[in-house]
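Observations on chain architecture
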Amino acid sequence: MQLKAGGTPIGICGVLKRDTLPDPDVGFAFLPAFWNQGYAFESAAAVMSHARETLGLRRILGDHLA
């Protein structure tokens, strides 16, 4: 992922299929300078939409870490 303004790389977000889970899940990682700014929510929502509408995935796992 990158910022719209300037194209600064900030992290990654996407659909992953882990061997330990029965279905794909959403995974993300951001550089510390970009934590707690809403990027995880915004990117995960976009990934979920793409996974359902374009990839046709019916079940996608996720976890919330506090």
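Everything that follows concerns the structure shown earlier in this document.
What counts, and where the lines are drawn
- Residues numbered from 1 in each chain as written.
- Predicted model: local features only at pLDDT ≥ 70, side-chain atom pairs only at ≥ 80, totals over all residues.
- Heavy atoms only, no water.
- Helix = DSSP H or I, 4+ residues; strand = E, 2+ residues; numbered from the N terminus.
- Buried < 20%, exposed > 50% of the residue type's maximum accessible area, 1.4 Å probe, protein only.
- Contact = heavy atoms within 4.5 Å.
- Lys, Arg positive; Asp, Glu negative; His and termini not counted.
- Charge placed at Lys NZ, Arg CZ, Asp CG, Glu CD.
- 1 Å grid on protein atoms, 1.4 Å probe; cavity = no way out; pocket = protein on both sides within 12 Å on 5 of 7 lines; lining within 4 Å.
- Points joined across faces, edges and corners; volume = space filled by probe spheres on them.
- Nonpolar A, V, L, I, M, F, W, Y, C, P; charged D, E, K, R; others polar.
- Phe/Tyr/Trp six-rings, centres within 6.5 Å; stacked < 30°, edge-to-face > 60°.
- Expected span 1.5 Å × (residues − 1).
- Arc of directions from axis to C-beta.

1. With respect to the overall build of the protein
Along its length, the protein carries one helix and two strands. When the helices and strands of the protein are listed from N to C terminus, the series reads β-β-α. Residues classed as buried in the protein amount to 26% of the 66 residues present. Pairs at least 24 residues apart make up 39% of the contacts formed inside the protein by residues separated by at least 6 positions. Taken together, the 6 basic and 6 acidic charged side chains of the protein have centroids lying 4 Å from each other.

2. A few points about the layout of surface pockets
Volume-wise, the second largest pocket comes out at about 160 Å³. Its residues assigned to classes, the lining of the second largest pocket comprises four nonpolar, two polar and two charged.

3. Concerning the packing of aromatic side chains
Evaluated as defined, the whole model comprises two aromatic pairs. Summarising the aromatic geometry, the rings of F28 and F30 are spaced 5.8 Å apart at their centres and angled 50 degrees between planes, so their arrangement reads as tilted. The exposure class assigned to F30 is buried, which follows from its relative accessible area of 13%. Here F34 and Y39 contribute two aromatic rings whose centre-to-centre distance is 6.3 Å and whose plane-to-plane angle is 65 degrees, an arrangement assigned as edge-to-face.

4. Observations regarding helix α1 (residues 39-53)
Over its 15 residues, α1 runs 21 Å from end to end, which matches the ideal 21 Å to within 8%, given 1.5 Å per residue. Those residues of α1 lying buried are S43, A44, V47, M48 and A51. Burial along α1 is one-sided: seen end-on, the buried residues are contained in an arc of 140 degrees. Among the exposed residues of α1, those pointing more than 90 degrees away from its buried face are F41, E42 and E53.

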